[in-house]
Each structure stands twice: as structure tokens, then as C-alpha cells.
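Listed below, chain by chain, are the residues.
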Amino acid sequence: MANHKSSLKRIRQDKVKTLHNKYYAKTMRNAVRKLRAMTNKEEAVKLYPEVQKMLDKLAKTNIIHKNKAANLKSSLALHINKLA
């Protein structure tokens, strides 16, 4: 267990930040899952910019890696283009 006041404070802060980051990461995963499950191209095209914006924001704040965001955006764009 930490002995310094600053270490104890850092542990408290990390718990809050971890919870915050988990929420946004889970929200992102659900949005990606929802978009991949779509079969209607028009609805998918409408939802894609929102998901793209979410991925960019999470990459910017280092919740996910920038390459992961790029890979997800690319695969989602391919999925949307395959829809008829």
C-alpha cells in the first residue's frame, strides 16, 4: 500500500479516470457493433460520421490508439460500401 499522500491521491484519481475511460471505450464498441449490424445502407451512411467522430476523439485523448481508430474507420467504411 502507498505511504505518500501524493500516491494515495494518484490512486484515487486513477480510479476515476479508469471508470471514465471504460465508459467511453464501451460506448464506442457498442456504436461500432451497431454500425456493423446494419443492413440498410442509408442508415449506415447517416450513423458513420458520428462513429467516426467518436473514434477520432477517443484516439486524440489516448483512450484508444490512433492506429486502432484508423483501422476501425477503414473497416467500417468498407462494410458500408459493401451494403446494397
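This text goes with the structure placed above it.
Residues numbered from 1 in each chain as written. Predicted model: local features only at pLDDT ≥ 70, side-chain atom pairs only at ≥ 80, totals over all residues. Heavy atoms only, no water.

A short note on the environment of Lys15
Then step 1. If you trace the backbone, Lys15 turns up in helix α1 (residues 5-37).
Then step 2. Each C-alpha atom, one on Lys15 and one on Ala70, is 28 Å from the other, the two residues being 55 residues apart in sequence. (Helix = DSSP H or I, 4+ residues; strand = E, 2+ residues; numbered from the N terminus.)

Some words on helix α2 (residues 41-60)
Then step 1. Along its 20 residues, α2 runs 28 Å from first to last C-alpha, staying within 8% of the 28 Å computed at 1.5 Å per residue.
Then step 2. At Leu47, α2 shows its maximal bend, which comes to roughly 30 degrees, and the proline Pro49 appears one to four places after that position.
Then step 3. Listing the buried residues of α2 in full gives Ala44, Leu47, Tyr48, Val51, Leu55, Leu58 and Ala59.
Then step 4. The elements touched by buried residues of α2 are α1 and α3 (66-82). (Expected span 1.5 Å × (residues − 1). Bend = angle between axes of the 7 residues up to and from the residue. Buried < 20%, exposed > 50% of the residue type's maximum accessible area, 1.4 Å probe, protein only. Contact = heavy atoms within 4.5 Å.)

Section: the side chain of Lys73
Then step 1. Tracing the sequence through the fold places Lys73 in helix α3.
Then step 2. Note on Lys73: relative accessible area 18%, which makes it buried.
Then step 3. Ignoring any residue separated from it by four or fewer positions in sequence, one finds Lys73 in contact with Tyr48, Gln52, Leu55 and Asp56.

Quick look at the nonpolar core
Then step 1. Met28, Leu35, Val51, Leu55, Ile64 and Leu76 are the most contacted members of the largest nonpolar core, which has 18 residues in total.
Then step 2. Mapped onto this core, the elements with two or more residues apiece are α1, α2 and α3.
Then step 3. The element best represented in this core is α2, accounting for 7 residues.
Then step 4. With residues near it in sequence (within four places) discarded, Leu55 still touches Met28, Ile64, Ala69, Leu72, Lys73 and Leu76. (Core = buried A, V, L, I, M, F, W, Y, C linked by side-chain atoms within 4.5 Å.)

Any link to function would need more than the numbers given here.
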